[in-house]
Amino acid sequence: MNVLKLIIQYVYTMKKITLIISILASFLGNAQSLPIDFESGVTTANFIDFDGAGATVMNNPMPVGINTSNTVARIIRNGGAVWAGSKIPLSANLDFSLLTKISMKVYTNAPAGTVVKFKLEGTGSPVEMDAFTTTSGVWETLEWVFAGTPNDLNEIVFMFDFGNVGDGSTSSTFYFDDIQQIPGPPAPIPATLPIDFEASVVSSDFLNFGGAGATVLSNTQINGINTSATVCEIIRNGGEIWSGVRLTLTSNIDFSTQWHITMKVFTVAPVGTRLKLKLEGAPNEPTLDYLTTVSGAWETATWNFDGTSNDFNKISFLFDFGNLEMVQPLLLF
């Protein structure tokens, strides 16, 4: 009886191992690598659709302009969630140490300014960047900068017209092709608090997202409480209501004895403008707001992170959070 039981257990275990190997082989067989041009290798079956989007590899219906290739991918969004999309697993983690941008050709009849969110997923924390179409009814090349992204992500996620629910129309239909890594800005160098912008931190150390851009430059408002030579400027122009910029630090912020973060700020935006500071790098990312008290003058903004754990090594600056900027306000810090 014991011998029979052992044999049955052995057969059951071998079946489990065989099933696991089969699943792993299937996954690896479907995994791809960049560049992807849809001419061979990648098929409809390689896509994993979610929440109301459907991807298909098909003949190029518009072989004109910058894309005369035979085969492209198409995503149609019809109902579902505002984040509906599709993704492709890759055979290895993406390495952004040298090639820091991803480019992709896109064709859609959706209006110019449509958000195309490109998200990376894997064993590490997901990273997402937005690009915006500049035309309609014409192939164009969009680019996303992933400088400084850790090399622990191996899934590329496509979310067209992010933030809206698709209706299955031509405005909810997106063709794309020629996904590749290309040279871009250098990877940001982590910074150390305190930061005064007089040395070390430069423009390329910021990661911009959602339509905001940071530049380290000469102080154009040398007066009041800030007569330093160099500051950082953030300009928001279109994009998302949560657009901002991010700095990575060399180590986690220690709030055990000092839990306030302060910053000098100059803006011509109205009094009461919301300056959101977000800490990132671990789950349960805390955010705090400061409302400006003056306009056209320097002031010191303070965020009280008392009780915050020492798990965060990134700071995101989301100025005028909640509003979509169509006019560029001056935001210095």
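Read on for an overview of the structure. In this text the structure is predicted, and so the values were computed from the model without any measurement. (Residues numbered from 1 in each chain as written. Predicted model: local features only at pLDDT ≥ 70, side-chain atom pairs only at ≥ 80, totals over all residues. Heavy atoms only, no water.)

**Quick word on the packing of aromatic side chains**
Per the stated rule, a full pass over the model turns up 23 aromatic pairs. For the ring pair Phe197 and Phe333, a centre distance of 5.6 Å and an interplane angle of 80° mean the geometry is edge-to-face. Linking Phe197 in the loop between β11 (173–182) and β12 (206–209) with Phe333 in the segment after β21 (331–332), this pair joins segments that are 136 residues apart in sequence. There is no split in this pair, since Phe197 and Phe333 are both buried. By the ring-pair criterion, three or more aromatic residues cluster together here, those being Phe38, Phe47, Phe96, Phe118, Trp144, Phe146, Phe158, Phe160, Phe174 and Phe176. Sitting above the plane of the Phe162 ring, Lys117 keeps its charged end 4.4 Å from the centroid. Over the ring of Phe321 we find Lys276; its NZ or CZ atom is 4.6 Å from the centre of that ring. (Phe/Tyr/Trp six-rings, centres within 6.5 Å; stacked < 30°, edge-to-face > 60°. Helix = DSSP H or I, 4+ residues; strand = E, 2+ residues; numbered from the N terminus. Buried < 20%, exposed > 50% of the residue type's maximum accessible area, 1.4 Å probe, protein only. Lys NZ or Arg CZ within 6 Å of the ring centre and 35° of its normal.)

**Section: unusual backbone geometry**
Going from Leu34 to Pro35, the amide bond is cis rather than trans, its omega being 0°. Relative to the elements of secondary structure, Pro35 occurs in the loop between α1 (2–30) and β1 (48–50). In this chain, Leu193 is followed by Pro194 through a cis amide linkage whose omega measures 0°. Relative to the helices and strands, Pro194 is located in the loop between β11 and β12. Phi at Asp51 is positive, roughly 60°, even though this residue is not glycine. Positionally, Asp51 belongs in the loop between β1 and β2 (53–59). Its identity is not glycine, yet Asp161 carries a phi of approximately 55°, on the positive side. Within the secondary structure layout, Asp161 lies in the loop between β9 (153–160) and β10 (166–167). Overall, the relative accessible area of 15% leaves Asp161 in the buried class.

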